[in-house]
Amino acid sequence: MSSESVILVTGGSGLVGKAISWVIENDKSEQFGKKEGEKWIFLTSKDGDLRKLEDTKAIFEKYRPTHVIHLAALVGGLFKNMKYKLDFLRDNMLINDNVLFMAKEFGVKKVVSCLSTCIFPDKTSYPIDETMVHNGPPHESNFGYAHGKRMIDVYNRAYHDQFGCNFTSVIPTNIFGPHDNYNLEDSHVLPGLTHKCYLAKKEGKPFVVSGTGKPLRQFIYSRDLAKLFIWTLREYKEIDPIILSVGEEDEVSIKDVADAIVKAIDFKGDYSFDTSRADGQYKKTASNAKLRKYLPDFKFTPFDVAVKESVEWFVENYETCRK
Ligand code: NAP
Ligand code: GFB
């Protein structure tokens, strides 16, 4: 990247945006820290509603970015996705169409957008890799979100073919960390269980985990993902997406997640599973072989350490965090 760069981060106030901001300000390494001449701008929806073209255009006119990390989206866990499939499809299609169109109109040199491992085909072979994004219908529980996200990859190829745009995307697995959304119903599993376990301990009530606890997931700590986003922006040259995830060997069950939270919160009370609630996708095991080809020595934060840091952040920021 040239010395004078303006990097616009849409969705900058969210889980991933806050992690990128933290790494840029705190990491002193050449590879991930802020570089001389870089101006980083972290947007929130108060800067403009990216579902509206006029708001999006005003943001690009104001900042004239040379690079964009596009995170802004309607985001939620299994239960929110099951309830609002059209909203997830339409809001994210509107946001993505506006951001990519304005990036082309304003001559942005590179855009890195964000897919998710939950958008892969539900009926598939494992491990899943980047070539399989469009190979069949996604899991029923989040088909709105999944199809909306898959279109980013289609947009990227079309913008590259017709206009030569350097628009690419990453495919993170389940993310967690400070500044997550801790809402009891609409959040992802790790922050949702963190909040539930915290309240169970505080109020002396049972800690109830939804589902059977059997589904399997790979979790990436937001601050590790942030480093990989910065690497993707600076070094990754392909238009094709790249999975950003811990290895298949680091896959854990939802029960393992609940156990780690119980340990981090030091909960001693009654702990059970409500099997009347949905399990969602059983597994979506993704390969990080492509990432390892580029970054064979990248070190992920151990899961229990990351969970402890995230729980500590939640407890310290309980009054002000998103819940
Ligand atoms: P998040 O914490 O919910 O943050 C979403 C961000 O998008 C916020 O900054 C929000 O602004 C902004 N936003 C939402 N609607 C907007 C709109 N209409 N106009 C402008 N800004 C809007 O989400 P996240 O977990 O950081 O997710 C970031 C990206 O990673 C998303 O693209 C998501 O699909 C993807 N992803 C997430 C996960 C995960 O487990 N969390 C996994 C895979 C991929 P406000 O704060 O002002 O509302
Ligand atoms: O993070 P999560 O909501 O989404 O995890 P997915 C759902 C799994 O955790 C299911 C169990 O097996 C749930 O039964 N679970 C247990 C809970 N307790 C809870 C709880 O309190 N809250 C939640 N949310 N789950 C999402 C996609 O799938 O993956 C999104 O729907 C997104 O679109 C995300 O892409 C990364 O991992 O199942």
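Per chain, the residues get numbers from 1 upward, laid out in the order the sequence is written. All chains are assigned letters beginning with A, and all ligands numbers beginning with 1, in the order in which they are written. Residue-level local features of this predicted model are given only where pLDDT is at least 70; pairs of side-chain atoms are given and counted only at 80 or more, and the full residue set underlies all totals for whole chains, interfaces and linings. With hydrogens and water stripped out, all remaining heavy atoms of the structure feed into the side-chain values.

Trainee: Could you give me a rundown of the packing of helix α6 (residues 189–203) against helix α8 (residues 254–265), with the residues and numbers involved?
Mentor: Every axis in this analysis is a line fitted to C-alpha atoms, fitted for helices over the stretch in contact. Angles between the N-to-C directions lie between 0 and 180 degrees. To qualify as a helix, a DSSP run of H or I must reach at least 4 residues; to qualify as a strand, a run of E must reach at least 2; elements of each kind are numbered from the N terminus. One way to put it is that α6 packs onto α8 with a least axis distance of 10 Å and a crossing angle of 45 degrees. By the angle class used here, α6 and α8 are oblique. When the axes of α6 and α8 are compared, the crossing they make is right-handed. Seen from α6, the contacting residues are Val189, Leu190, Leu193, Thr194, Cys197, Tyr198 and Lys201; seen from α8, they are Ile254, Val257, Ala258, Ile261, Val262 and Ile265. Taken together, the residues of the contact of α6 with α8 sort by class into eleven nonpolar, one polar and one charged. Roughly parallel means an angle under 35 degrees; roughly antiparallel means over 145; roughly perpendicular covers 65 to 115; every other angle is labelled oblique. In this scheme the handedness of a crossing depends on how the near helix is turned from the far one: anticlockwise by less than a right angle means left-handed, clockwise means right-handed. Residues count as neighbours in contact if any of their non-hydrogen atoms are within 4.5 Å of one another. Put simply, Ala, Val, Leu, Ile, Met, Phe, Trp, Tyr, Cys and Pro go in the nonpolar bin, Asp, Glu, Lys and Arg in the charged bin, and everything else, Gly too, in the polar bin.

Trainee: Talk me through the domain arrangement of the protein; I want residue IDs and the actual numbers.
Mentor: We note that the domain assignment places domain 1 (5–175 + 218–248) and domain 2 (177–217 + 250–280 + 302–316) within the protein. Across the boundary between the two partners, domain 1 contributes 22 residues, which contact 24 residues of domain 2. Summing both partners gives a buried area of about 2000 Å² for domain 1 against domain 2, and 61% of it is carried by carbon and sulfur. Here, a salt bridge means any Lys or Arg side-chain nitrogen found within 4 Å of an Asp or Glu carboxyl oxygen. Linking domain 1 with domain 2 are one salt bridge, by the criterion used here. A salt bridge links lysine 83 to aspartate 186; the shortest N-O distance between them is 3.5 Å. Nitrogen and oxygen atoms within 3.5 Å of one another constitute a polar contact, given that in protein one can donate a hydrogen and the other can accept it, and given that sequence-neighbouring residues count only through two side-chain atoms. For the pair domain 1 and domain 2, the number of links is six residue pairs in polar contact (both at pLDDT 80 or more). Residue ranges for the domains originate in an automatic or database domain assignment. We define buried area as the total accessible area lost by two parts upon association, computed with a 1.4 Å probe and summed across both.

Trainee: Outline the site of ligand 2, listing residues and values.
Mentor: Note on terminology: near, applied to a residue and a molecule or strand, indicates that one of the residue's heavy atoms is within 4 Å of it. Around ligand 2, a shell composed of 24 residues is seen, among which Cys118, Asn174, Lys196, Ala278 and Asp279 lie nearest. Alanine 278 places a main-chain nitrogen or oxygen 2.7 Å from an oxygen atom of ligand 2. Summarising the interface, the protein chains cover 97% of the accessible area of ligand 2, which totals 700 Å² for the free molecule. Residue assignment for the shell around ligand 2 shows that the elements contributing at least two residues are α3 (78–83), α6 and β7 (207–210). Looking at the shell around ligand 2 residue by residue, the class counts come to ten nonpolar, ten polar and four charged. Two domains each donate at least three residues to the shell around ligand 2, and these are domain 1 (5–175 + 218–248) and domain 2 (177–217 + 250–280 + 302–316). All accessibility values rest on the Shrake-Rupley procedure with a 1.4 Å probe; residue burial counts only the protein chains present in the view.

Trainee: An account of the side chain of asparagine 81 is needed here, citing residue identities and associated values.
Mentor: Tracing the chain through its elements places asparagine 81 in helix α3. Only protein chains enter the calculation, and the probe is 1.4 Å; a residue is then buried if its accessible area is under 20% of its type maximum, exposed if over 50%, and partly exposed in between. A relative accessible area of 5% means that asparagine 81 is categorised as buried. A polar side-chain atom of asparagine 81 sits 2.9 Å from the main-chain carbonyl oxygen of glycine 76.

Trainee: Could you give an account of the nonpolar core, with specific residues and numbers?
Mentor: Residue types Ala, Val, Leu, Ile, Met, Phe, Trp, Tyr and Cys, when buried and joined through side-chain atoms within 4.5 Å, form a set referred to as a nonpolar core. The biggest cluster of nonpolar side chains holds 32 residues, and the ones touching the most others in it are Ile20, Trp40, Ile69 and Phe229. Mapped by element, the contributors of at least two residues to this core are β1 (5–10), α1 (15–26), β4 (110–114), α7 (222–235) and β10 (242–244). The contact partners of phenylalanine 229, leaving out residues within four places of it in the chain, are Val16, Ile20, Ile69, Leu71, Val112, Cys114 and Val170. Listed in part, the 28 residues of the second largest apolar core include Val257, Ala260, Ile261 and Phe314.

Trainee: I'd like a description of the site of ligand 1, backed by residues and values.
Mentor: As a matter of local geometry, ligand 1 sits amid 28 residues, with Ser13, Ser45, Tyr145, Lys149 and Arg322 nearest to it. Serine 13 places a polar side-chain atom, nitrogen or oxygen, 2.7 Å from an oxygen atom of ligand 1. Leucine 71 places a main-chain nitrogen or oxygen 2.8 Å from an oxygen atom of ligand 1. Contact with the protein chains removes 87% of the 910 Å² of surface that ligand 1 exposes when unbound. Elements represented by at least two residues in the shell around ligand 1 include exactly α1, α5 (143–163) and β6 (174–176). Tallied by class, residues from the shell around ligand 1 come to 13 nonpolar, eleven polar and four charged.

Trainee: Before we move on, can you summarise the sheet that holds strand β5 (residues 167–172) with the specific residues and values?
Mentor: Paired strands are those between which DSSP finds at least two bridges. Taken in spatial order, the six strands of this open sheet run β2-β1-β3-β4-β5-β10, and their pairing is parallel. With partners counted over all chains shown, the strands left at the sheet margins are β2 (38–42) and β10, one partner each. For this sheet, the mean angle separating the axes of adjacent strands, direction not counted, is 20 degrees. The sheet contact formed by β4 and β5 spans four bridges and is parallel. In the strand pairing of β5, valine 112 is matched with threonine 168. Where α1 meets the sheet, its contacts fall on β2 and β3 (67–70), and the angle it forms with β2 comes to roughly 150 degrees. Across the sheet, helix α2 (residues 53–63) touches β1, β2 and β3, and the angle it forms with β1 is around 155 degrees.

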